[in-house]
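Structural description and commentary
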Amino acid sequence: MNRQYGWSGKILFIDLSNGTTRVEPTDQYSSFIGGRGINQWLLFNLVEKNIDALDAGNVIILGAGPMVGALVPSGSRLAVDYKNVLTEGVGSGNSGGRFAAEMKYAGYDHIVIMGKAARPTYIYIEDDNVYFRDASYLWGQGTWETENIIKDKENEWALSTLTIGVAGENLVKFACIIGDKGRAVGYGGGGAVMGSKNLKAIAVRGRNTAVKVASPSEFMKRVRTFNKEIFRKSSTVEIHRKGGTLGAYLLPGQNRPHGVRNLNEEFWSDEAIKNVTREKFDEFLVRRHACFGCPVYCSGIYEIKGITCEGIQANSLRAFGSNVDVTRAEDVLYAHALCNKYGLDTDQTSAAIAWAIECFEKGIIDKGDTDGLKLKFGDGNCVIQLIQKIAAREGFGHLLAMGVHEASEILGHGSRELALLVKKNSAMEAGMRSHKAWALGIMTSTKGTGHLRGAPALEFQRLSPETSKKLFDIEDINDPTSYKNKPALVVWQEKYKGIVDMMGTCALMSMWMDETLFSPEDIADFFNDITGKYTSANRLLETGEALQNLERSFNLLHSGFGRSDDYPPRKLMEIPVGKGLYAGERLDLNMWNHMLDEYYELHGWDKTTGWPTKKRLLALGLDAVVEKLTKNNILLP
Amino acid sequence: MKILFDKHRCTACGLCELACSFHHSKSFLPDKASIVICMDRKGHIEIKTLPTCDFCTNEEIPMCMDFCPTGAIKLKNKIRERPKNIIKEST
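A brief look at the structure comes next. (Residues numbered from 1 in each chain as written. Chains lettered and ligands numbered in written order. Predicted model: local features only at pLDDT ≥ 70, side-chain atom pairs only at ≥ 80, totals over all residues. Heavy atoms only, no water.)

Residues and elements named next belong to chain A. End to end, helix α13 (residues 380-392) covers 19 Å across 13 residues, agreeing with the expected 18 Å (1.5 Å per residue, within 8%). Turning to α13, its buried residues are Gly380, Cys382, Val383, Ile384, Leu386, Ile387, Lys389, Ile390 and Ala391. The elements touched by buried residues of α13 are α4 (166-169), α10 (314-320), α11 (329-342), α12 (346-361) and α14 (396-400). Measuring from the side-chain oxygen of the N-cap residue of α13 to the backbone nitrogen of Asn381 gives 3.1 Å; that N-cap residue is Asp379. (Helix = DSSP H or I, 4+ residues; strand = E, 2+ residues; numbered from the N terminus. Expected span 1.5 Å × (residues − 1). Buried < 20%, exposed > 50% of the residue type's maximum accessible area, 1.4 Å probe, protein only. Contact = heavy atoms within 4.5 Å. Polar contact = N/O pair within 3.5 Å; in protein donor to acceptor, adjacent residues only side chain to side chain.)

Time to look at the packing of helix α1 (residues 35-46) of chain A against helix α24 (residues 623-631) of chain A. All names here are of chain A. The geometry of α1 relative to α24 is characterised by a closest axis approach of 11 Å and an angle of 30° between their N-to-C directions. Taken together, the axis directions place α1 and α24 in an arrangement best described as roughly parallel. Handedness of the crossing formed by α1 with α24: left-handed. Residue-level inspection shows Trp41, Phe44 and Asn45 of α1 in contact with α24, the latter providing Ala624, Val625 and Lys628. (Axes fitted to C-alpha atoms, helices over the stretch in contact; angles between N-to-C directions. Parallel < 35°, antiparallel > 145°, perpendicular 65-115°, else oblique. Left-handed = near helix turned anticlockwise from the far one by under 90°.)

Let us now look at the environment of A:Gly57. Residues and elements named next belong to chain A. One can find Gly57 in the loop between α1 and β3 (60-64). Residues Gly57 and Gly115, spaced 58 residues apart in sequence, show a C-alpha to C-alpha distance of 6.0 Å. When residues no more than four places from it in sequence are discounted, the contact partners of Gly57 are Val47 and Ile51.

Between chain A and chain B, the residue contacts involve 42 residues of the former and 31 residues of the latter. Between chain A and chain B, roughly 2800 Å² of surface is buried when both sides are summed, and carbon and sulfur atoms account for 58% of that area. It is A:Leu71, A:Trp157 and A:Arg287 that lose the most area in chain A upon contact with chain B, and together they represent 20% of the buried surface on that side. Applying the counting criterion to the chain A and chain B interface returns five salt bridges. Here B:Glu17 and A:Arg98 are joined by a salt bridge, their closest N and O atoms 3.4 Å apart. Our enumeration of links across chain A and chain B arrives at 13 residue pairs in polar contact (both at pLDDT 80 or more). Looking at the side of chain A that touches chain B, the elements that each hand over two or more residues are α3 (143-154), α6 (216-233), β13 (285-289) and β14 (299-304) of chain A. Looking at the side of chain A that touches chain B, the element that brings in the most residues is α6(A), giving seven residues. (Buried area = accessible area lost by both parts, 1.4 Å probe. Salt bridge = Lys/Arg side-chain N within 4 Å of Asp/Glu carboxyl O.)

What follows deals with the sheet that holds strand β6 (residues 110-114) of chain A. All names here are of chain A. Spatially, the six strands line up as an open sheet ordered β2-β1-β6-β3-β4-β5, and their pairing is mixed. If you trace the sheet from one side to the other, it starts and ends with β2 (20-25) and β5 (90-95), each paired once. Going from strand to strand, the sheet's axes swing by 15° on average, the running direction of each strand aside. One ladder, built from four bridges, connects β3 with strand β4 (residues 78-83); its direction is antiparallel. The partner of Ala64 across the bridge, within β4, is Leu78. (Pairing = 2+ DSSP bridges.)

Here's what the structure looks like:
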């Protein structure tokens, strides 16, 4: 790795237990490029099998890829990786904002946080200096205000933060980390991992390390072409500039899939949708807001009931709109704002609340269990009260704070049957019954569901056979309800998303949902201009494949996940879509088995166990992975 | 010559800072830029230029203006009419 270009060149290790730091060069890990790639390699090597996710032995690894902090459009993403609190496997999130770039300007491509502080602490990294600050007075503060207070305290308004709210402090198992006041590192309970380390916040300010590019003229020309031609022609960019992911996908009259009432239905009426369109939320909008270095400005800052927050996107609309059947925009936005303030992952919060409401409506629980609250779909006030209870772990909220897997185990009485669990995490997505590649990517996601691994949003675009042949060398993926060719699309998406996350660019501005943005060849061109290395798109896709194998191996080692953990929840196979464009659609078990066989075959994995094979891991250069698995008595097929 | 900002159009993306730092140093580091974007505790934006701003005299148009995705930056001698919502001018 040429550390002069693209990378900052250093990895900072911080041990909270003894207040020490050390630095290693980045280049020894160059085979995994950066961002999520190097993060996952470090995670695999640093965390031993029997370490609990909330033990001091877990680590939080922050990673900024070589495309972060320069002018690459959307090159601002921060990868954050840790052992997952809910699944005990891969914990992984990604956020925009400014933190990743600021980290590089301070001189670090990655920051590894280990150990546990004796008392509430925040870390302030200012170029070469690392300060351990008392955070006792910040304990209990919301995420937005915590950053303000730290900025005042350090007398530095250009610093960037990752913070937790009360949910992380209280070890809510799906507490998230909030970056730059309002960007969420969502999945896997990263906020709880920070809380378990008594770590309220990480702040960073970089003044000294410039990001250099190897071929400045070519690079600037490429950036201009992207900004002025490719982005200008993209309908996705245009939509996101108007209102982020709320901009176009969930409008009345479209008959698109929605996740409704604990995902018992995927059709939401136009009467409901028209109350929660982007325009309704715009009444609370302070301004549109971009991630650092991104020309798309898909986000916004909102003010609601005294809370300033960043947000609201399609995920939160599904979480606190359709999935709980709330149609009052003010309630939906307030629920989202509270989750940002408390540091709660909106997907898993919604999953827990919707599950509880269904349990109540089916008579499994009553007011005696819920602190006197009557739970019902469509009641925004009930949803808001439950969010507050979860964050505080108060009363009934204590049960929900464990996540649906554990809560349903404790509650029993058939409550597990109402859940949508995959790998102990709740699948909280729309379109899983109708869109088969989407569903497969979610169920096989290494971080335990979620649409940001192998699930291709491109499946919603209904590409022509000619286009899919040209782009992926896959014959036809036009019909979302068809199972044909979908495993190949998912495998391609896994590799591609791996590249995006290793480089530090944004999934929204990529071929994840828009075939015109950032092809693997485009990414290779940017990478080569920046780093002075000469790699090909195919080589990058191979690295994406290695990353997929690495994460699958981490899950095997820590959670024992295999084929039996890649199946959809019962509801998605038994309850068909009731109305709309995809009425009657559901997942078929036999067809699912065929898809899994093909999916494992394409990866070169064992079809019976769903495990990576020794041969495949060695071919990808993952000898150390084979060695660690073997040492832990896992006999690879 | 003056750089004019429309803070209501600005999205705080920082592309102007990055482009400006490239103009000055052929690398990317906001602290090397002559333009500073700052967001206050409520999410409101402040923009200022520093005395090091040379209006990119060697470029066709100032780099900050060239890369601004929303047209929030104008060069005063290139416009006939003053835009609304000007909040800060370089000195």
